[in-house]
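Descriptive analysis of the structure
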Amino acid sequence: MNIQAVDTYSIAVPLHTPFKTALRTVTVAESVYVKLTCSDGTIGWGEAPPTHVITGESLASIQYTIESILKPVILGKRVIETERLFENLHQAAVGNTSAKAAVDMALHDCLSQICGLPLYQFLGGYNHSIETDYTVSINTREQMAADAGQYIDNGFNVLKIKVGKDDIEKDIKRIEAVRNRVGSEPLIRLDANQGWSVKDSIYAIQKMEDMGLNIELVEQPVKAWDIEGLKKVKEHTFTPIMADESVFSVEDARRVLQTESADLINIKLMKSGGIYQARKINQLAEAYGVPCMVGSMIETKLGISAAAHFAASQRNIIRYDFDAPLMLAEDPLEGGITYNGCHILFSSDNGLGISNIQLEDILSQQT
Ligand code: MG
């Protein structure tokens, strides 16, 4: 069974509330959707959002890379010869990890449909449902406490608080305000998105430990390239430290793991270039006794479905950050994962379970 056609579409969906981190503010979720058609009529779907500040990719570069570089590499190839297919895909270009991820997702959607299994079962089937956190954007102390309270009232048990944009003392006061508002029960994880210096990180984390703020983990406190700094923060604090922007590839993961620079790794398909490489990172981390989280960029339910299927399939993935579709004002597709409060459920449909006809209707209106 060969790959007969690769088509791309660009879409845009507004967020109901702006998403604000140390690196950016997002008000509209833009993405490229890729549709892959096999010779037996099987259709697979993938998604890549442009996240300039993290992967360096734009909407135009993603679409160009898929259409002009990746498409010629996979067109006419046998979809079940995965080792060759994914090797060619990853060797076709340096970087461009989101573009690769979209094609990788669509290939995995096809493969699992051909095998007659939902994607998470095709990949390992470890969990049948998973629980996502909800992200609190960077705002005033009062606003963040109010937002956090709202999310807990809405049934979420884990909050991911964005920090790292201003003065370190302001960040500590923000976390204190959030903890006071939500009480001792909810898990609170922080994400500084590289916004803290090494010294500030050690100071702030030690202070929050002394204050009893009970932080579950701190994600990417320092610059992505500063592995030595990350290790210093890890060695001078008790709170678990997670690498996110520091780990794109398997080689990045090996460096962080060999140097014992992080307690946890956050895998994202948009950084790894898709599920094929993400599995390798997770397996390497597992060999080092380092558990992983799977997170996402601001993606629609298509990309999140692929990431959630992957995350649920693996034993070593124990944390999940998949709230992005809940931030969108509209849901651009039917099928895929469903949310029951903080719980993500998988249907028994094969592959990603995306409804093709519904999706095509929406795409033809928007492109
Ligand atoms: Mg992060």
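Residues numbered from 1 in each chain as written. Predicted model: local features only at pLDDT ≥ 70, side-chain atom pairs only at ≥ 80, totals over all residues. Heavy atoms only, no water.

Further remarks concern the overall build of the chain. Check the secondary structure of the chain and you find 14 helices and 14 strands. Taking 367 residues into account, the globule formula puts the C-alpha radius of gyration at 21 Å, and the chain, at 20 Å, falls close to it. C-alpha extents for the chain along the principal axes are approximately 60 × 40 × 35 Å. In the chain, which comprises 367 residues, the proportion classed as buried is 57%. Put simply, the chain shows about 14200 Å² of open surface, and 47% of that area lies on carbon and sulfur atoms. (Helix = DSSP H or I, 4+ residues; strand = E, 2+ residues; numbered from the N terminus. Rg over C-alpha atoms; globule rule 2.2 N^0.38 Å. Buried < 20%, exposed > 50% of the residue type's maximum accessible area, 1.4 Å probe, protein only. Areas by Shrake-Rupley, 256 points an atom, 1.4 Å probe, with all protein chains shown as cover.)

We note that the domain assignment places domain 1 (3–117 + 356–366) and domain 2 (121–345) within the chain. Relative placement of domain 1 and domain 2: their C-alpha centres are 23 Å apart. Listed per partner, the contact involves 42 residues of domain 1 and 41 residues of domain 2. Both sides together, the interface formed by domain 1 and domain 2 hides about 3600 Å², and carbon and sulfur atoms give 69% of it. Here domain 1 and domain 2 share zero salt bridges between them. Applying the counting criterion to the domain 1 and domain 2 interface returns 14 residue pairs in polar contact (both at pLDDT 80 or more). Taken together, the elements giving at least two residues each to the side of domain 1 that touches domain 2 come down to β1 (3–20), β2 (25–38), β3 (43–48), α1 (52–55), α3 (82–91), α4 (97–114) and α14 (356–366). Split by residue class, the side of domain 1 that touches domain 2 holds 23 nonpolar, 13 polar and six charged. (Domains from an automatic or database assignment. Contact = heavy atoms within 4.5 Å. Buried area = accessible area lost by both parts, 1.4 Å probe. Salt bridge = Lys/Arg side-chain N within 4 Å of Asp/Glu carboxyl O. Polar contact = N/O pair within 3.5 Å; in protein donor to acceptor, adjacent residues only side chain to side chain. Nonpolar A, V, L, I, M, F, W, Y, C, P; charged D, E, K, R; others polar.)

Attention shifts here to unusual backbone geometry. With a phi close to 45 degrees, N193 is a non-glycine residue in the positive phi region. Here N193 shows up in the loop between β7 (187–191) and α8 (198–210). The residue Q194 is not glycine, and still its phi comes out positive at about 75 degrees. One can find Q194 in the loop between β7 and α8. Judged by its relative accessible area of 12%, Q194 is buried.

Inspection of every chain in the model, using the stated rule, returns 19 salt bridges. Across the salt bridge formed by E169 and K207, the nearest N and O atoms sit 3.5 Å from each other. Taken together, the positions of E169 in helix α7 (residues 168–182) and K207 in helix α8 put the pair 38 residues apart, joining distant regions of the chain. For E169, a relative accessible area of 26% translates into the label partly exposed. Given the relative accessible area of 31%, K207 is considered partly exposed. Taking the shortest distance from any N to any O, the salt bridge between D244 and K271 comes out at 2.6 Å. Taken together, the residues D244 in the loop between β9 (241–243) and α10 (250–258) and K271 in helix α11 (residues 269–272) connect sequence positions 27 residues apart. Among the residues examined, K271 registers a relative accessible area of 1% and is labelled buried. Here the residues in one salt-bridge network are K160, K162, D191, E219 and D321, joined through shared partners.

Core analysis: the biggest nonpolar cluster contains 113 residues, and I66, I161, L190, W196, M208, I265 and F322 have the highest contact counts within it. Among the elements that line this core, the one with the most residues is α4, at nine residues. Each of domain 1 (3–117 + 356–366) and domain 2 (121–345) contributes no fewer than three residues to this core. Excluding residues that lie within four positions of it along the chain, I161 makes contacts with V136, M144, I175, V178, I188, R189, L190 and D191. (Core = buried A, V, L, I, M, F, W, Y, C linked by side-chain atoms within 4.5 Å.)

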